[in-house]
Amino acid sequence: KDFRNSVKPNWCPGCGDFSVQAAIQRASANVGLEPHELAVISGIGCSGRISGYINSYGFHGIHGRALPIAQGVKMANRDLTVIASGGDGDGFAIGMGHTVHAIRRNIDVTYIVMDNQIYGLTKGQTSPRSEVGFKTKSTPEGSIESSLSVMELALTSGATFVAQSFSTNLKELTSLIEQGIQHKGFSLINVFSPCVTYNKVNTYDWFKENLTSLSTIEGYDANNRMQAMHTLMEHNGLVTGLIYQNAHQPSYQQLVHGYSEEPLSKADLGMTEEKFDELVAEFM
Ligand code: SF4
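So, how was this worked out
Along each chain, residue indices are assigned from 1 in the same order as the chain's sequence is written. This being a predicted model, a pLDDT of at least 70 is required before a residue's local features are given, and a value of 80 or more before pairs of side-chain atoms are given or counted; all residues contribute to the totals for chains, interfaces and linings. Only heavy atoms go into the side-chain values, all of them from the structure, while hydrogens and water stay out. Any two strands with at least two DSSP-identified bridges between them are counted as paired. The way it works is that DSSP assigns letters per residue, a run of H or I at least four long becomes a helix, a run of E at least two long becomes a strand, and they are numbered from the N terminus. Contact criterion: two residues are considered in contact whenever any of their non-hydrogen atoms come within 4.5 Å of each other. Fitted lines through C-alpha atoms give the axes, limited to the stretch in contact for helices. The angle between two N-to-C directions lies from 0 to 180 degrees. Salt bridges are counted wherever a side-chain nitrogen of Lys or Arg sits within 4 Å of a carboxyl oxygen of Asp or Glu. Using a 1.4 Å probe on the protein chains alone, a residue whose accessible area is under 20% of its type maximum counts as buried, one over 50% counts as exposed, and one in between counts as partly exposed. Buried and open spaces are told apart on a 1 Å grid over the protein atoms alone, a cavity being a set of points where a 1.4 Å probe fits but cannot get out and a pocket being an open set with protein on both sides within 12 Å along at least five of seven lines. Residues with an atom within 4 Å of a point are the lining residues. Grid points are joined across faces, edges and corners, and a volume is the space filled by probe spheres set on the points. Ten residues, namely Ala, Val, Leu, Ile, Met, Phe, Trp, Tyr, Cys and Pro, are considered nonpolar, four, namely Asp, Glu, Lys and Arg, are considered charged, and the remaining ones, Gly among them, are considered polar.

What follows covers the sheet that holds strand 3 (residues 81-87). Strand order in the open sheet formed by 8 strands is 2-1-3-4-8-7-10-9, and the pairing between neighbours is mixed. The open sheet terminates on both sides in strands that have one partner only, identified here as strand 2 (57-60) and strand 9 (212-213). Sheet topology places strand 1 (residues 38-42) next to strand 3; 5 bridges connect them, and they run parallel. Counterpart to Ala39 in the pairing with strand 3 is Val82. Each of strand 1, strand 2, strand 3 and strand 4 (110-115) is contacted by helix 2 (residues 66-76), which is oriented at about 175 degrees to strand 3, the strand it contacts most.

Next comes the structure, spelled out in structure tokens:
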């Protein structure tokens, strides 16, 4: 169950994404998966490289499209555990339409976002998660757009599993990924993963000062969506832990009429050589 491979990540030393890679590898082993039972699908960005750094099936997709690919992989290979991953620019800008619809579809995929509030691969531009006033090459006088409240958006979009963590907290992050994999439905795990090269505002120290662990909030109940929303708004979204889970909502697969757990890729579709030739002839 070794999810490490021989590829050396080319992330900058100190990048938060290293911990996310380690957490995915540990969580996958902890839930008893074998490498051939896992597929990691990523989008574009520094974080998108992660699919090449894990010993599993992998697909490095195109910008903002990790989720459509991941959902297709899951529907055709129903026995695979599917993790989609990428950055905040990838998933919450160009890919946001897919993110919202995957959330409400509740297909059994775990989506891990490495949120560094900047575009790192293209050398530092303001992202949808950057705060107002954030200065980069694309906003030299400071961003005038508000930061997207992703966790709140997920809750109002019908999410059944919403969690957030910080890349230095490997123990919590690993546990949340394990819970996300085991959740029967779509799980969104947003990870504050500092970009040490281009984001000089949201640093490790900044997160340590500003994040609140839900475990320190007395009486916090992750099954209470209203409380989750209030808590997020009170803390400007800067909380870590399992924010919300609804384990009773059936997944997309469970609701599809006649759905079978047998992977389409292995199903007997009654295709014979003659039928295949006929089918091909139709398109000639
Ligand atoms: Fe990580 Fe930023 Fe370097 Fe990209 S540019 S690898 S996000 S530290």
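Let us keep going from here.
Looking now at the pattern of salt bridges. This structure, assessed with the given rule, holds 2 salt bridges. A salt bridge links Asp115 to Arg129; the nearest nitrogen and oxygen atoms lie 2.7 Å apart. With Asp115 in strand 4 and Arg129 in the loop between strand 6 (125-126) and helix 5 (150-156), the pair connects residues that are 14 residues apart, well separated along the chain. Taking the relative accessible area as the measure of exposure, Asp115 reaches 0% and is therefore buried. For Arg129, a relative accessible area of 9% translates into the label buried.

To continue, consider empty space enclosed by the protein. Taken as a whole and judged by the stated rule, the model has 1 cavity of 30 Å³ or more. Approximately 30 Å³ is the volume found for the largest cavity. In terms of lining residues, the largest cavity is bounded by Gly64, Ala66, Leu67, Asp90, Gly91, Gly95, His98, Thr99 and Tyr111. Only helix 2, helix 3 (88-94) and helix 4 (96-105) provide two or more residues apiece to the lining of the largest cavity. Taken together, the residues that form the lining of the largest cavity break down as 3 nonpolar, 5 polar and 1 charged.

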